[in-house]
Structure formats: structure tokens, C-alpha cells
Amino acid sequence: NPLFALEVIKHLRQTGGLRWAVGAQGRGWYFEPVAAPTAAPDNVVDFIVSRIDALPPASRRVVLAAFCIGHAFDLASLAIATGLDGESLRSALSLAVSEGMVVGHSSAANAWLANLTTLPASAEGVELGFYHDRIQQAAYSICSSEERERLHLAIGRALARTSDDTSATLFGAV
């Protein structure tokens, strides 16, 4: 599974077990003995859950709100769902992007993600999504059923209050 392989490599890099260096045989990746190795999860969802749990609260909030909206979500709905202001949303989202959890699903999103310095003047057409469905599944598994219900209801109410379009996004979030 390619996603699992990527998660194992990320885990090794974060724990110091794998590093990029110039060694006797040239540049490359080197495995390093780790004094107290940390146990690696045995499935990809557990790897991702540990990465989501390690996020700062605002970034975690963005990932959980995004999972409630769906596999694909637009920036405007995410802003409404999280209740974060422009700079806070940009900062929280940029960490989820740099962690490889969220990617652009439109040319407008990819253009914005290329610099991530400020939120676009208009969130119109900025379509984002999870890099892989297992990331959404991991976010889902973090929440208890009560928390999922509360999140879906809060997001649905926020979207209904602020949006004239109550179709697909609202239906998907609730």
C-alpha cells in the first residue's frame, strides 16, 4: 500500500530513524539506530490518527470540520464551519497542507496553496480535499458518535445561517 509506505517513512523521519545526509558513500537516506524506538502503528489509519492528534488545536479543528463537510470541500464552507477568521484559518489550514492531509482540487486552490501567504480575496472556486480517503476515515475515527453528531449539527446550522445555497454542501455536512 503506497499510502502506508509513505506513512512509515514519515514516522521514521519524525522519530530520527531515517535522515538525509552526506555520508561516506555520498548523499542519501540513512537509517539511524534509535535509542528508544517508538512503536509504529500497524495500519495506515492509526498512523494518520496519530498525526492528526499531534496537530495544534486549530489545525485539528480544521481537519475535523473538513471531514464533516466531505471528501471535497470549498474554502468558504470550511471558514463557515470552523468559525475561524482569515488569518487563523490560513495558518491552521497551512499546517494540514504541509502535513500532506489536504490538497487542492481546483486550479484556484492550487494557485492559492502555492504561496499560502494570505487567504484569497474571494473563496469562490477554491476547492480543497483530503489527499486520500483514509485521511478522512482517520478523522472520522477520532470523533465519538456524539461528537460527530454535534459537529454535523453545528456545521449545518452555520452553513444554513450564512449561505443562500442550501443544496449539496449543506446536505453533505449534515
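Scroll up a little and you will see the structure.
Residues numbered from 1 in each chain as written. Predicted model: local features only at pLDDT ≥ 70, side-chain atom pairs only at ≥ 80, totals over all residues. Heavy atoms only, no water.

Looking now at the sheet that holds strand E3 (residues 72-74). Strand order across the open sheet formed by 3 strands is E3-E5-E4, with antiparallel pairing between neighbours. Two strands lie at the open edges of the sheet, namely E3 and strand E4 (102-104), each paired on one side alone. Pairs of neighbouring strands in the sheet enclose a mean axial angle of 35°, with direction left out of account. Across 3 bridges, the pairing between E3 and strand E5 (residues 127-130) is antiparallel. Each residue of the ladder has a partner; that of aspartate 74, found in E5, is glutamate 127. (Pairing = 2+ DSSP bridges. Helix = DSSP H or I, 4+ residues; strand = E, 2+ residues; numbered from the N terminus. Axes fitted to C-alpha atoms, helices over the stretch in contact; angles between N-to-C directions.)

Side-chain pairs of opposite charge can arise whenever the charged atoms involved come near each other. Per the stated rule, a full pass over the model turns up 4 salt bridges. The salt bridge partner of arginine 51 is glutamate 99, with a shortest N-O separation of 3.4 Å. One end of the pair, arginine 51, is in helix H2 (residues 44-53); the other, glutamate 99, is in the loop between helix H5 (86-98) and E4, and 48 residues separate them in sequence. Residue classification places glutamate 99 among the partly exposed residues on the basis of a relative accessible area of 24%. For arginine 90, the salt bridge goes to glutamate 87, with nearest N and O atoms at 2.7 Å. Placement of both arginine 90 and glutamate 87 in helix H5 is noted, with a separation of 3 residues, approximately one turn of the helix. (Salt bridge = Lys/Arg side-chain N within 4 Å of Asp/Glu carboxyl O. Buried < 20%, exposed > 50% of the residue type's maximum accessible area, 1.4 Å probe, protein only.)

This part covers the packing of helix H3 (residues 57-69) against helix H7 (residues 133-142). Between H3 and H7, the least distance of the axes is 9 Å, while the angle of their chain directions is 105°. Between H3 and H7, the crossing angle belongs to the class labelled roughly perpendicular. Within the contact between the two elements, H3 uses Arg60, Val63, Leu64 and Phe67 and H7 uses Gln136, Ala139, Tyr140 and Ile142. A breakdown of the residues in the contact of H3 with H7 according to their chemical character gives 6 nonpolar, 1 polar and 1 charged. (Parallel < 35°, antiparallel > 145°, perpendicular 65-115°, else oblique. Contact = heavy atoms within 4.5 Å. Nonpolar A, V, L, I, M, F, W, Y, C, P; charged D, E, K, R; others polar.)

Judged by nonpolar contacts, the single largest core of 41 residues is most densely connected at Leu78, Leu93 and Leu128. Broken down by secondary-structure element, the contributors of at least two residues to this core are H2, H3, helix H4 (75-82), H5, helix H6 (107-113), E5, H7 and helix H8 (145-162). If one sorts the elements of this core by residue count, H3 sits on top with 8 residues. Apart from the residues lying within four places of it in its own chain, the contact partners of leucine 128 are His71, Ala72, Phe73, Leu75, Leu93, Val102, Val103, Gly104, His105, Ala109 and Leu113. (Core = buried A, V, L, I, M, F, W, Y, C linked by side-chain atoms within 4.5 Å.)

The end-to-end C-alpha distance of H3, which contains 13 residues, comes to 18 Å, matching closely the 18 Å that a straight helix rising 1.5 Å per residue would cover. All of the buried residues in H3 are Ser59, Val62, Val63, Leu64, Ala65, Ala66, Phe67, Cys68 and Ile69. Directly after H3, the chain includes glycine 70, whose backbone phi takes a positive value near 145°. (Expected span 1.5 Å × (residues − 1).)

Looking at the element boundaries, arginine 148 is found in helix H8. Despite its burial, arginine 148 pairs with no opposite charge, the nearest such side chain being glutamate 149 at 7.5 Å. Side-chain polar atoms of arginine 148 contact the backbone oxygen of tyrosine 140, separated by 3.0 Å. Sequence-distant contacts of arginine 148, that is, excluding residues within four places in its chain, are made with Phe67, Tyr140 and Cys143. (Lys, Arg positive; Asp, Glu negative; His and termini not counted. Polar contact = N/O pair within 3.5 Å; in protein donor to acceptor, adjacent residues only side chain to side chain.)

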